[in-house]
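Structural description and commentary
Single-letter residue listing:
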Number of protein chains: 2
Amino acid sequence: MATTTAAQRREQAKRDYDAFLDRCPTRELLSRLTDKWVALVIPALADGPRRHSELAGRIAGVSQKMLTQTLRTLERDGLVTRTVTASVPVRVDYELTPLGHELFPVMIAIKNWAETHMDQVFQARAQFDARP
Amino acid sequence: MATTTAAQRREQAKRDYDAFLDRCPTRELLSRLTDKWVALVIPALADGPRRHSELAGRIAGVSQKMLTQTLRTLERDGLVTRTVTASVPVRVDYELTPLGHELFPVMIAIKNWAETHMDQVFQARAQFDARP
DNA sequence: CAGGATCCTTTCTGATACTG
DNA sequence: CAGTATCAGAAAGGATCCTG
């Protein structure tokens, strides 16, 4: 009997999709994932649900517009849930979905890479800029 | 005697830098790394040196301008080397530096994630768009 | 082949002002 | 509090033309 595990389906997907190809829908998904705000919002939600204002506080410098816009896209893509609690004032919580949790390791990896290799990049830039 | 290993220095860097903070230089580095073309160029260079035209062929749809621009930035940041062979016509090869090789796992992870979860994202979008 | 320089269009992003 | 709507400047991206 033909049973398909999640792992097998992913193997299949890996063969069917290729972001190197133009036209491939993964190209569009890739461009959504490679977003500064996504790389900050996903890690910010790692420890559990957070309110809009909490996220705005955690992610310094993000505008209200970009935060909302990013959260909406993440919600549509199934990475985040949005829960509204009817009260006065309204309370809205965002939380990672299982799919969002799967993305988390990837996002935190980029953030960590930037933080741990900043000095090396600085050195490289200095060298590059100093050459004739 | 005080010796510092690379691992220790990275631990230190992790404490000193925080991309959640505005003003932190890692925020700028993060925005450079979260770039669609970077996520394609780094994996395209994983197997060894590649010429400009080879990369353009591999990464379908990239314009000459964006490819050159991306490679320049990667070179400046110490992730890629650019080697010119004086011949007619000129031959230019790009290759990952050790630092670039360290970034590779992170970049391929994003690309793979997009390819293996495309279907789930499609489903999530369909559900989101179908709701009242 | 590689890539600099330009022009032009699209997208992004950050204020600002206004609701339930 | 958590948005929506709008506007204008900035940046990204693509197409084209030209050079060593």
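Within each chain, residues carry numbers counting from 1 in the order of the written sequence. Chains carry letters and ligands carry numbers; both start at the beginning, A for chains and 1 for ligands, and go up in the order they are written. Residue-level local features of this predicted model are given only where pLDDT is at least 70; pairs of side-chain atoms are given and counted only at 80 or more, and the full residue set underlies all totals for whole chains, interfaces and linings. Note that water and hydrogens are dropped before the side-chain values are worked out from all heavy atoms of the structure.

Considering the pairing of strand β2 (residues 80-85) of chain B
Residue and element names in this part refer to chain B.
- Note that β2 and strand β3 (residues 91-96) share 6 bridges and pair antiparallel. Pairing of T85 across the sheet is with R91, part of β3.
- Two strands are said to pair when DSSP picks up at least two bridges between them. Every helix listed is a DSSP run of H or I at least four residues long, and every strand listed is a run of E at least two residues long, numbered separately from the N terminus. In textbook terms, the turn of a hairpin is the stretch between consecutive antiparallel strands, and for β2 and β3 this stretch comprises 5 residues.

Re the protein's contact with DNA strand D
- Summary of the distance rule: residues count as near a molecule or strand when at least one heavy atom falls within 4 Å of that molecule or strand. What surrounds DNA strand D is a group of 16 residues, the closest being S53, Q64, R82 and Y94 of chain A together with K65 of chain B.
- Here, DNA strand D places atoms within 4 Å of the protein, and 61% of those atoms are sugar or phosphate.
- Within the side chain of R51 of chain A, an N or O atom sits 3.1 Å from a phosphate oxygen of DNA strand D.
- Any N or O atom pair separated by 3.5 Å or less is treated as a polar contact, with the protein-specific requirement of one donor-capable and one acceptor-capable atom, and with residues adjacent in sequence counted only for side-chain atom pairs. In this structure, a phosphate oxygen belonging to DNA strand D sits 2.6 Å away from a side-chain N or O atom of R82 of chain A.
- Counting only elements with at least two residues in the surface near DNA strand D, the list comes to α4 (52-58), α5 (64-76) and β3 (91-96) of chain A together with α5 (64-76) of chain B.
- For the surface near DNA strand D, the element with the most residues is α5 of chain A, which contributes 4 residues.
- Residue type decides the class: Asp, Glu, Lys and Arg count as charged, Ala, Val, Leu, Ile, Met, Phe, Trp, Tyr, Cys and Pro as nonpolar, and the leftover types, Gly among them, as polar. Here the surface near DNA strand D is composed, by residue class, of 6 nonpolar, 5 polar and 5 charged.

Quick word on the nonpolar core
- M107 of chain A together with M107 of chain B are the most contacted members of the largest nonpolar core, which has 72 residues in total.
- Apart from the residues lying within four places of it in its own chain, the contact partners of M107 of chain A are L33, V38, A39, I42 and P43 of chain A. Joining through side-chain atoms within 4.5 Å is the link that ties buried Ala, Val, Leu, Ile, Met, Phe, Trp, Tyr and Cys residues into a set, and such a set is a nonpolar core. Here's how the labels work: a residue is buried when its accessible area is under 20% of the maximum for its type, exposed when over 50%, partly exposed in between, all with a 1.4 Å probe on protein chains only. In what follows, a contact means two residues having at least one pair of non-hydrogen atoms within 4.5 Å.

What about the UniProt feature "domain: HTH hxlR-type" (unreviewed entry) in chain A?
- UniProt positions are given in the numbering used here, feature names are shortened, and annotations may be inferred rather than shown by experiment. Cross-referencing UniProt, the feature "domain: HTH hxlR-type" (unreviewed entry) maps to residues 24-122 of chain A in the present numbering.
- Across residues 24-122 of chain A, the secondary structure splits into 64% helix and 14% strand, with the terminal C-alpha atoms separated by 35 Å.

Quick word on the protein's contact with DNA strand C
- The immediate surroundings of DNA strand C are formed by 15 residues, with K65 and M66 of chain A together with H52, S53 and R82 of chain B found nearest.
- Those atoms of DNA strand C that come within 4 Å of the protein belong to sugar or phosphate at a rate of 62%.
- R72 of chain B places a side-chain nitrogen or oxygen 3.0 Å from a phosphate oxygen of DNA strand C.
- Mapped by element, the contributors of at least two residues to the surface near DNA strand C are α5 of chain A together with α4 (52-58), α5 and β3 of chain B.
- Of the residues forming the surface near DNA strand C, the biggest block, 3 residues, is contributed by α5 of chain B.
- In terms of residue class, the surface near DNA strand C is built from 6 nonpolar, 5 polar and 4 charged.

Looking at the interface of chain B and chain A
- Facing the 58 residues of chain B at the interface are 58 residues of chain A.
- Here's the idea: put two parts together, see how much 1.4 Å probe accessible area each one loses, and the total over both is what we call buried area. When chain B packs against chain A, close to 5,600 Å² is buried across both sides, 68% of that on carbon and sulfur atoms.
- Of all residues in chain B, F20, R76 and W113 of chain B give up the largest surface area on contact with chain A, accounting jointly for 15% of the area buried on that side.
- What makes a salt bridge here is a side-chain nitrogen of Lys or Arg within 4 Å of a carboxyl oxygen of Asp or Glu, nothing more. Applying the counting rule to chain B against chain A returns 10 salt bridges.
- D129 of chain A is the partner of R76 of chain B in a salt bridge, and the nearest nitrogen-oxygen pair spans 2.4 Å.
- Across the chain B-chain A interface, the total number found is 24 residue pairs in polar contact (both at pLDDT 80 or more).
- Looking at the side of chain B that touches chain A, the elements that each hand over two or more residues are α1 (6-16), α2 (25-33), α3 (36-44), α5 and α6 (98-130) of chain B.
- Counting residues per element, the side of chain B that touches chain A draws most heavily on α6 of chain B, at 22 residues.
- Considering only residue class, the side of chain B that touches chain A consists of 29 nonpolar, 9 polar and 20 charged.

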